[in-house]
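Letter by letter, the chains look like this.
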Amino acid sequence: MKYYLIVGEASGDLHASHLMAALKEEDPRAEFRFFGGDMMAAVGGTMVKHYKELAYMGFIPVLLHLRTIFANMKRCKEDIVAWSPGVVILVDYPGFNLDIAKFVHAKTKIPVYYYISPKIWAWKEYRIKNIRRDVDELFSILPFEVEFFEGHQYPIHYVGNPTVDEVTAFKAANPETFADFISDNELADKPIIALLAGSRKQEIKDNLPDMIRAAASFPDYQLVLAGAPGISPEYYQKYIGNSDVKIIFNRTFSLLRHAEAALVTSGTATLETALFRVPQVVCYHTPIGKVIAFLKRHILKVRYISLVNLIADREVVKELVADTMTVERIRAELQRILYDEAYRRRMLDGYEYMASRLGEAGAPAHAARKMVALLKKRFKK
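The rules behind these values
- Residues numbered from 1 in each chain as written.
- Predicted model: local features only at pLDDT ≥ 70, side-chain atom pairs only at ≥ 80, totals over all residues.
- Heavy atoms only, no water.
- Pairing = 2+ DSSP bridges.
- Helix = DSSP H or I, 4+ residues; strand = E, 2+ residues; numbered from the N terminus.
- Axes fitted to C-alpha atoms, helices over the stretch in contact; angles between N-to-C directions.
- Contact = heavy atoms within 4.5 Å.
- Buried < 20%, exposed > 50% of the residue type's maximum accessible area, 1.4 Å probe, protein only.
- Parallel < 35°, antiparallel > 145°, perpendicular 65-115°, else oblique.
- Nonpolar A, V, L, I, M, F, W, Y, C, P; charged D, E, K, R; others polar.
- Salt bridge = Lys/Arg side-chain N within 4 Å of Asp/Glu carboxyl O.
- Phe/Tyr/Trp six-rings, centres within 6.5 Å; stacked < 30°, edge-to-face > 60°.
- Lys NZ or Arg CZ within 6 Å of the ring centre and 35° of its normal.
- Right-handed = clockwise from strand over helix to strand, strands pointing away.
- Core = buried A, V, L, I, M, F, W, Y, C linked by side-chain atoms within 4.5 Å.
- Expected span 1.5 Å × (residues − 1).
- Arc of directions from axis to C-beta.

This part is about the sheet that holds strand β10 (residues 245–249). The strand order across the open sheet formed by 6 strands is β10-β9-β8-β11-β12-β13, and the pairing between neighbours is parallel. One side of each edge strand has no neighbouring strand; the edge strands of this open sheet are β10 and β13 (318–321). Between one strand axis and the next, the sheet turns by 25° as a mean value, whatever way the strands run. In this structure, strand β11 (residues 259–264) lies alongside strand β12 (residues 280–284), joined through 3 bridges in parallel fashion. When the sheet's bridge partners are listed, Leu263 is paired in β12 with Val281. Contacts from helix α11 (residues 233–240) reach β9 (222–227) and β10, with the element oriented near 155° to β10.

Encoded structure:
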C-alpha cells in the first residue's frame with residue numbers, strides 16, 4: 001500500500017514517524033511519500049517538502065508568506081494526484097490539512113484519514129461540516145473527543161495517546177538516578193522546581209519572567225529551565241538576568257523525572273508533566289489578558305485549557321491564565337503543591353485518574369492496525 005502523509009510542525013513529524021514505523025509492522029510492503037520532517041525521513045520513503053517550509057505561525061507571518069503557502073498547497077495537491085496513493089493520512093495542522101482533505105475528497109477517489117484530530121471542540125466548531133464531508137476516518141488521541149464528535153453524528157476511533165508511549169519508553173530506557181542527573185548537568189544537590197515556559201519566543205517572553213520571580217521565593221529549591229529546541233541560550237538570558245536559573249537543553253523528560261514541582265505553560269508539556277507525576281501550576285500569560293479572559297468565557301467552548309484538566313474533565317491542576325496569572329498567585333499555588341501534603345496528594349490522585357482515561361501505551365500501533373484493517377476492507381469491496 002502507498003501512504004501519503006502530511007504534517008506541518010515538529011510534533012507532527014514525531015507522531016507521524018511512530019505511526020509510519022507501526023504501519024510498516026502491519027504492512028511490510030508499505031511505501032511512504034510525505035510532507036514531513038527528519039524523523040519521518042529516518043523511517044523511510046520520499047520527503048517532498050520539509051515541514052519547516054510550511055510552518056508559519058501568527059497573522060503577520062502568514063500574510064507575508066501567502067504566496068509560498070498557496071504554492072505549497074498546489075504542489076501537495078498535484079503530487080498526491082501524480083503519485084496516486086492508497087490513502088492520504090493527515091496529521092494535525094488543520095489550517096493546511098483541511099484544505100488538502102477538501103481537494104482530495106472532491107477531485108479523487110483516495111480515502112482521507114486524519115490522525116490527531118483538529119481541536120474543533122475548543123473553537124471553530126463549524127469545521128465539523130468540512131470534516132464530516134471530507135475525512136473518511138478520524139483517529140483521536142484524546143478520549144473526550146469521542147463523545148464530542150459522536151454528538152455531531154460523526155463516529156471516530158480513539159487509539160490512545162502517543163505521549164503515554166513516549167513517557168513509558170523513556171522511563172524504561174533511562175534508569176538515571178537523581179545523583180546522576182545533578183552530576184551530569186552540574187546542578188546543586190537541592191530539590192528541583194522545573195520551569196517549562198513554552199516553545200515559542202513570545203510564550204517565553206510572556207511567561208518566564210513571572211515564573212522566575214515566583215519560584216525564586218523558595219530558596220530551598222533550585223530552578224531548572226527546560227530549553228526549547230530552536231531557542232538560543234542568549235534569548236533566554238534576556239529574561240533570566242541575574243537570577244539563579246540553570247538552563248538544560250534536550251533533557252526535558254529527565255528534568256521532569258527528577259523535579260519536585262513544575263511551572264508549565266499550557267500545551268502537551270502539561271500532559272507530560274502529569275505523566276511523570278510532577279505536581280504543577282499551569283501558567284499562561286498574554287499581553288492582552290483581559291481580552292483573552294473574555295474570549296475564554298464567551299468564545300472558547302471548553303472550561304479548561306490544560307490537557308490534564310480536559311482529559312480528567314475536572315480541575316486537577318490550577319490554571320492561571322491571562323489576567324489571573326500573577327506572581328502572587330503563582331507563588332501561592334507553588335507553596336501549596338510544595339508544602340501542603342494533602343493538596344499535593346489530591347493532585348497526584350487526579351493524575352492517576354487522568355492516566356486511566358488515557359489508557360495503556362501503544363497509540364501508533366493501535367492506529368496503524370485499525371488503518372490497515374479499514375483499508376483492506378475498503379479495497380475488498
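Now for unusual backbone geometry. Of note in the backbone geometry, Tyr93 takes a positive phi value of approximately 50° without being a glycine. As for its position among the elements, Tyr93 is in the loop between β4 (87–91) and α5 (94–107). Positive phi values are uncommon outside glycine, yet Asp313 reaches one of about 60°. Along the chain, Asp313 falls in the loop between α15 (307–312) and β13. Residue Asp313 is classed as partly exposed on the basis of its relative accessible area, which comes to 48%.

Our next topic: the packing of helix α13 (residues 268–275) against helix α17 (residues 341–358). Relative to each other, α13 and α17 sit at 110°, their axes nearing to 10 Å. The angle between the axes of α13 and α17 places the two elements in the roughly perpendicular class. Between α13, through Leu271, Thr273, Ala274 and Leu275, and α17, the contact on the second element is made entirely by Tyr351, Met354, Ala355 and Leu358. Across the contact of α13 with α17, the residue classes tally to 7 nonpolar, 1 polar and no charged.

As a further point, take the pattern of salt bridges. Tallied over the full model, the rule gives 14 salt bridges. Arg344 is paired through a salt bridge with Glu260; the nearest N and O atoms lie 3.4 Å apart. With a gap of 84 residues between them, Arg344 in helix α17 and Glu260 in strand β11 connect regions that are remote in the sequence.

All right, on to the packing of aromatic side chains then. Counted according to the given criterion, the structure contains 15 aromatic pairs. Summarising the aromatic geometry, the rings of Tyr221 and Tyr339 are spaced 6.3 Å apart at their centres and angled 80° between planes, so their arrangement reads as edge-to-face. In this pair, Tyr221 sits in the loop between α10 (201–215) and β9 while Tyr339 sits in helix α16 (residues 327–339), placing the two residues 118 residues apart along the sequence. Counting every residue linked through ring pairs, the aromatic cluster contains Phe35, Tyr93 and Phe96. It is Lys2 that lies over the ring of Trp83; its NZ or CZ is 4.7 Å from the centre. Between Lys171 and the ring centre of Phe276, over which it is positioned, the NZ or CZ distance is 5.3 Å.

For β11, the tally of buried residues reaches 5 of 6 residues, placing the bulk of the element in the interior. In this sheet, β11 lies alongside strand β8 (residues 192–196) in parallel orientation, the contact comprising 5 bridges. Residue pairing across strands places Ile193 opposite Ala261, the latter belonging to β11. Handedness of the crossover joining β11 and β12 through α13: right-handed.

Below, the discussion takes up the nonpolar core. Taken as a class, soluble globular proteins show a tendency for nonpolar side chains to be buried jointly. Counting residues in each nonpolar core, the largest one holds 134 residues, and the members touching the most others are Tyr3, Leu5, Ile6, Ile89, Tyr115 and Leu195. In contact with Tyr3, other than residues within four places in its own chain, are Leu23, Asp27, Ala30, Glu31, Phe32, Arg33, Trp83, Val87, Ile89, Val372 and Leu375.

Across 4 bridges, the pairing between strand β2 (residues 31–36) and strand β3 (residues 46–50) is parallel. For Arg33, the partnering residue across the bridge sits in β3 and is Thr46. Note that the unit made of β2, helix α2 (residues 38–43) and β3 has a crossover that is right-handed.

Further remarks concern α16. Because an α-helix completes one turn every 3.6 residues, residues spaced three or four positions apart along the sequence face the same direction. In this model, α16 (13 residues) spans 18 Å end to end at C-alpha, consistent with the 18 Å of a helix rising 1.5 Å per residue. Residues of α16 that are buried include every one of Val327, Ile330, Glu333, Leu334, Ile337 and Leu338, and no others. Buried residues of α16, seen end-on, are gathered within an arc of 135° and therefore sit on one face of the element. Each element contacted by the buried residues of α16 is listed here: β8, α10, β11, β12, β13 and α17.

What the 7 strands build is an open sheet, ordered β3-β2-β1-β4-β5-β6-β7; its pairing is parallel. Because the sheet does not close on itself, it has two edges, and the strands there are β3 and β7 (157–158). Pairing analysis gives 4 bridges linking β4 to strand β5 (residues 112–115), with the strands arranged parallel. Paired with Leu90 across the strands is Tyr114, a residue of β5.

Function-wise, these values are silent; they only describe arrangement.
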